[in-house]
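Each chain is listed here by its residues.
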Amino acid sequence: MNADLMKPYTREEVHAAIKQMAPSKAAGTDGMPPLFYQAFWQNVGPDISEAVLSCLNTSTLLKSIDHTFITLIPKVCNLENVSEFRPIGLCNVPYKIISKVIANRLKPLLNSIISEAQSAFTADRLITDNILIAFGSLHYMKTQCSGKEGFMALKLDMSKAYDRVEWKFWRKSSCKWVSKIHGSNAAQCSKIQQILEWYEVALGQQKKACSNQIKERIWNKMQGWKEKLLSQAGNEVMIKAVIQSIPTYSMSVFQLPIGLIKDIEAMICKFWHILPDNSCNLCEDHLEDVLHCLWLCDYAKCVWLSDQTFSFPCSRVFRSFGDLVSFILTKTSSNTAALFSMIAWSIWTRCNKLQVKQQVWDVGYTVKKAKELLQEFRDV
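Being a predicted model, the structure only gives us computed values, none of them experimental. (Residues numbered from 1 in each chain as written. Predicted model: local features only at pLDDT ≥ 70, side-chain atom pairs only at ≥ 80, totals over all residues. Heavy atoms only, no water.)

Draft legend 1. Quick peek at the environment of His15. Examined against the element boundaries, His15 turns out to sit in helix α2 (residues 11-20). In this structure the C-alpha to C-alpha distance between His15 and Ile97, which are 82 residues apart in sequence, comes to 8.9 Å. (Helix = DSSP H or I, 4+ residues; strand = E, 2+ residues; numbered from the N terminus.)

This is the structure in structure tokens:
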């Protein structure tokens, strides 16, 4: 194994590394992506290979390629904390080639180097293996209830521990746990509990942080402005395809607390049955989907009937707003379709203003306002 790692690097390894790189990866300080080197390898290959082999075989890195741009990639849409950025380094392609050549040489030996306990980020291993091992261990501990000697397990949340915990703290606290676990009596168990509480405070972890995160994700999905305009069938699809899928991964790994499950059920029931924010302001007994908001509502009917152009469509029955739009586009002129779009947008805008309790124009002014906006658009 050591002989395979220590043998000199070759040009074939360098060429294989550049061919394996994604062509459109972000460029480094020189501005050249891997695609440039792959396309013009016959021209730049000899020089690049010589530079890379010089670094690999002499264990020295050229200063000209040891430059990196550090950039921050946002993890979420609305950024509030620095921790919500993901830092990445934009390295030069020659630097990436060096890393790739070393990685290719190490790859066949990883399974014999890395412990079997490390099941993530290694070929032919799955991170879920750890979950199965943990569950199997706990099951064995639960069934082995006889005898003088028993077993004890501590479940700790080590998420990003390398960023939050100093190694000195980790070593000292680990030593305290080990010294207290073996031969524990009532007083020593109390001490273990005290140490674990201290550990929790030091990490800033809360017991219900994961549960709160799941509930917040579900709540945010329910409160979006798009969801308030769904029909009853749309709400059903929303619940089954979106809301119920949010805790799926957590439920496949952990047993969720009964309190969290009841909270999720209550939120879904409220979204499905009550829907206070999803009812029409004028027609209280009708859910305000898109078709009702823009066509079937009493306010919308008054607007459309105020213009003779839309007297004929108003006498027809449409199953969805898509059917209405399809009828307007195929059975009327382009001017009528344009006016329809502007009136519908004006009705929509007025309804949104009413939702947030803003001042709105009179109902009879809606068509006139739409025509003014349409003419302004055409003049531009």
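Now, onward.
Draft legend 2. Broad picture of the nonpolar core. Grouped together as the largest cluster of nonpolar side chains are 26 residues, with contacts concentrated most on Trp295, Trp304, Leu324, Phe340, Ile343 and Ile347. Contributing elements (two or more residues each) for this core: α15 (290-296), α16 (298-305), α18 (321-331), α19 (334-355) and α20 (366-379). With 8 residues, α19 is the single largest residue contributor to this core. Those residues within four positions of Ile343 in sequence are excluded, and the remaining contacts are Val303, Trp304, Phe310, Val367 and Ala370. Grouped together as the second largest cluster of nonpolar side chains are 18 residues, Val52, Val93, Ile97 and Ile98 included. (Core = buried A, V, L, I, M, F, W, Y, C linked by side-chain atoms within 4.5 Å. Buried < 20%, exposed > 50% of the residue type's maximum accessible area, 1.4 Å probe, protein only. Contact = heavy atoms within 4.5 Å.)

Draft legend 3. Quick look at the confidence of the model for the protein chain. With 79% of its residues at a pLDDT of at least 70, the protein chain reaches an overall mean of 77. The secondary-structure element of the protein chain with the lowest mean pLDDT is helix α8 (residues 161-164), recorded at 51, while α2 shows the highest, at 92. Across residues 203-207 the pLDDT falls below 50, and counting only partners more than four positions away or on other chains, this stretch makes 8 contacts in the model. (pLDDT = per-residue confidence, 0-100.)

Draft legend 4. Expanded view of the packing of aromatic side chains. Considering all chains together, one arrives at 8 aromatic pairs under this definition. Consider the rings of Trp304 and Phe310, whose centres lie 4.9 Å apart with planes at 70 degrees: the pair is edge-to-face. Like Phe310, Trp304 is buried. Measuring from centroid to centroid gives 5.1 Å for Trp304 and Phe340, while their planes differ by 20 degrees, and the two rings are stacked. On the criterion of sequence distance, the pair formed by Trp304 in helix α16 and Phe340 in helix α19 is long-range, its members being 36 residues apart. A relative accessible area of 5% places Phe340 in the buried class. These aromatic residues form a ring-pair network of at least three members: Trp295, Trp304, Phe310, Phe318, Phe327 and Phe340. Here the basic side chain of Arg105 rests over the ring of Tyr9, its NZ or CZ set 3.8 Å away from the ring centre. (Phe/Tyr/Trp six-rings, centres within 6.5 Å; stacked < 30°, edge-to-face > 60°. Lys NZ or Arg CZ within 6 Å of the ring centre and 35° of its normal.)

Draft legend 5. Quick look at the packing of α16 against α19. Where α16 meets α19, the closest approach of the two axes is 11 Å, and the angle between their N-to-C directions is 145 degrees. Helix-helix and strand crossings are classified by hand; for α16 and α19 the assignment is right-handed. For the pair α16 and α19, the contacting residues are Tyr299, Ala300, Val303 and Trp304 in the first and Phe340, Ile343, Ala344, Ile347 and Arg350 in the second. Here the contact of α16 with α19 is composed, by residue class, of 8 nonpolar, no polar and 1 charged. (Axes fitted to C-alpha atoms, helices over the stretch in contact; angles between N-to-C directions. Left-handed = near helix turned anticlockwise from the far one by under 90°. Nonpolar A, V, L, I, M, F, W, Y, C, P; charged D, E, K, R; others polar.)

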